[in-house]
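Secondary and tertiary structure notes
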Amino acid sequence: MIRHFLRDDDLSPAEQGAVLDLAATFKTDRYAHRPLAGPRPVALIFEKPSLRTRVSFETGVAQLGGHPLVIDARSTHFGRGETIEDAAAVLSRYVDAIVIRTFSDERLAALAGAAGVPVVNALTDGFHPCQLLADLLTIRERLGGTAGRTLAYVGDAANNMAHSYLLAGVTAGMRVRVGGPAGYDPDPAVVSRAHEIAAWTGGGVETLRDPYETVDGADVVVTDAWTSMGHEEDGRDRIRPFLPYQVNSKLLGAAAPGAIVLHCLPAHRGEEITDEVMDGSHSAVFDQAENRLHAQKALLAWLVSTPDGAQSDVDG
Ligand code: CP
Ligand code: NVA
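Quantities reported herein were computed from a predicted structural model and do not represent experimental measurements.

Moving on, we get to helix H6 (residues 160–171). With 12 residues, H6 ought to run about 16 Å at 1.5 Å a step, and its terminal C-alpha atoms sit 16 Å apart, in line with that. Across the 12 residues that make up H6, a large majority, 12, are buried. Along H6, the positions that sit buried rather than exposed are Asn160, Met161, Ala162, His163, Ser164, Tyr165, Leu166, Leu167, Ala168, Gly169, Val170 and Thr171. Two or three places before Met161, at the opening of H6, Asn159 has a side-chain oxygen 3.0 Å from that residue's backbone nitrogen.

So, in structure tokens, the structure goes:
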């Protein structure tokens, strides 16, 4: 069976740990591990804008000895009626893995269903699991581990990052709290899945309304854009309901004294996070951005190492 990485819970706790261990190894020398030597080609499809994801995957595949093919969806036939399933079948004849940033999770699932090679979610409307691998690596580095730590996400709790924190956080044994305004709550199916995972990892899940209660004593404070890609014209007020959830010095004051602050970026300074916090001593956002590279390299190496994703010789 081909292993895909479409959602955070596609990796078991042990598998997530193994990928993060591998990422830490890759980080010690970014040119020393070449499991994609050949060079094995990897397609990187973008149907939404990107800076970090595009560049970290493109450089990462090259560093692994592979050949990255960046495909801007506007330059393909997707807009002219070619189905995602046909594209998946064709690409699978050329490349060893397909990484895609797209809109719906149904579209991603359709691609994966028709692909003969591993498919990686580089952000959908529902999830951003590659970002979470980088975030967990950063938490490990800064706090020495993830198990038992409390992560507080404040802001748009209905978006892809909130969902990924819920699933990946509990997979890593964290206590995940999400706090956002009424009408911007996480998908109940994701919350219930997170509870299920937390029951066997020792993690925890809380969905809250009050930002101070959400952040109270937290080890990791996280936020994200109030307007995600694709929601620019959704007709909803994406400023006023979120103002109490801004990550500023006052809100951060409610967290644990040694708390770290994460943001997947791009940040909208002055909206969901202030300059003072972004550039302050608690911020780990640029380490977090760097860790996209190491985490995704480890993920690709792990996925392509054997047909079922079991690890063998993944460090090349
Ligand atoms: N964090 C993140 O995915 O950034 P990009 O949209 O720039 O890829
Ligand atoms: N929630 C954001 C994340 C960007 C990396 C979005 O989907 O636009």
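We now examine the site of ligand 1. Neighbouring ligand 1 are Ser50, Leu51, Arg52, Thr53, Arg101, His128, Gln131, Cys264, Leu265 and Arg292. Measuring from an oxygen atom of ligand 1, one finds a backbone N or O atom of Leu51 at 2.7 Å. In this structure, a nitrogen atom belonging to ligand 1 sits 2.8 Å away from a main-chain N or O atom of Leu265. In the complex, 96% of the free accessible area of ligand 1, which totals 250 Å², lies under the protein chains.

Right, let's talk about the environment of Arg149 for a bit. In this fold, Arg149 is placed in the loop between helix H5 (129–143) and strand S5 (150–154). Owing to a relative accessible area of 27%, Arg149 belongs among the partly exposed residues under this scheme. In this structure, the C-alpha to C-alpha distance between Arg149 and Gly173, residues 24 residues apart in sequence, is 7.8 Å. When neighbours within four sequence positions are excluded, Arg149 is seen to be in contact with Leu143, Met174, Arg175 and Asp219.

This part covers the site of ligand 2. Taken together, Leu123, Asn159, Asn160, Asp224, Ser228, Met229, Cys264 and Leu265 are the residues near ligand 2. At 2.7 Å from an oxygen atom of ligand 2 is found a main-chain nitrogen or oxygen belonging to Met229. Contact with the protein chains removes 94% of the 270 Å² of surface that ligand 2 exposes when unbound. In the shell around ligand 2, the residues fall into four nonpolar, three polar and one charged.

Once that is clear, we can look at the packing of aromatic side chains. Inspection of the entire model under this criterion finds three aromatic pairs. Ring centres of Trp226 and Phe242 lie 5.7 Å apart, and the angle between their planes is 15°; this geometry places the pair in the stacked category. Pair noted here: Trp226 is in the loop between strand S8 (220–223) and helix H9 (249–252) and Phe242 is in the loop between S8 and H9, with a separation of 16 residues, a long-range link. Residues Trp226 and Phe242 agree in their burial class; the two are buried. Put simply, the rings of Tyr184, Trp226 and Phe242 pair up and form one aromatic cluster. If you follow Arg107 out to its NZ or CZ, it ends over the ring of Phe78, 5.4 Å from the centre.

Attention now moves to the pairing of strand S9 (residues 260–263). Regular strands place side chains that alternate from one sheet face to the opposite one. Burial of the side chains of S9 extends over both faces: Ile260 and Leu262 are buried on one face and Val261 and His263 on the other. By the bridge criterion, four bridges tie S8 to S9 in an arrangement that is parallel. Across the sheet, the residue bridging to Thr223 is His263, located in S9.

Turning to the sheet that holds strand S3 (residues 97–101), a few remarks are in order. Adjacent strands of a sheet form backbone hydrogen bonds with each other and so pair up, either parallel or antiparallel. An order of S2-S1-S3-S4 is seen for the four strands of this open sheet, with the pairing classed as parallel. One side of each edge strand has no neighbouring strand; the edge strands of this open sheet are strand S2 (67–72) and strand S4 (119–121). For this sheet the average axis-to-axis angle between neighbouring strands, irrespective of direction, equals 20°. As defined by bridge partners, strand S1 (residues 41–46) adjoins S3 across five bridges and the pair is classed as parallel. Within S3, the position partnered with Ala43 by the bridge is Ile98. Packed onto the sheet, helix H2 (residues 52–63) meets S1, S2, S3 and S4 and runs at close to 155° relative to S2. Contacts between helix H3 (residues 84–92) and the sheet are confined to S1, S2 and S3, with S3 contributing the most and set at about 145° to the helix.

A few words on the pattern of salt bridges. A complete count under the given rule lists 21 salt bridges for this structure. Across the pair Arg54 and Glu58 runs a salt bridge, and its minimum N-O distance is 3.0 Å. Residue Arg54 and its partner Glu58 are both found in helix H2; the two are separated by four residues, about one turn of the helix. The class for Arg54 is partly exposed, based on a relative accessible area of 34%. Asp275 serves as the salt-bridge partner of Arg269, at 2.9 Å between the closest nitrogen and oxygen. Residue class for Arg269 comes out partly exposed when judged on its relative accessible area of 40%.

Conventions adopted
Residues numbered from 1 in each chain as written. Chains lettered and ligands numbered in written order. Predicted model: local features only at pLDDT ≥ 70, side-chain atom pairs only at ≥ 80, totals over all residues. Heavy atoms only, no water. Helix = DSSP H or I, 4+ residues; strand = E, 2+ residues; numbered from the N terminus. Expected span 1.5 Å × (residues − 1). Buried < 20%, exposed > 50% of the residue type's maximum accessible area, 1.4 Å probe, protein only. Polar contact = N/O pair within 3.5 Å; in protein donor to acceptor, adjacent residues only side chain to side chain. Near = heavy atom within 4 Å. Areas by Shrake-Rupley, 256 points an atom, 1.4 Å probe, with all protein chains shown as cover. Contact = heavy atoms within 4.5 Å. Nonpolar A, V, L, I, M, F, W, Y, C, P; charged D, E, K, R; others polar. Phe/Tyr/Trp six-rings, centres within 6.5 Å; stacked < 30°, edge-to-face > 60°. Lys NZ or Arg CZ within 6 Å of the ring centre and 35° of its normal. Pairing = 2+ DSSP bridges. Axes fitted to C-alpha atoms, helices over the stretch in contact; angles between N-to-C directions. Salt bridge = Lys/Arg side-chain N within 4 Å of Asp/Glu carboxyl O.

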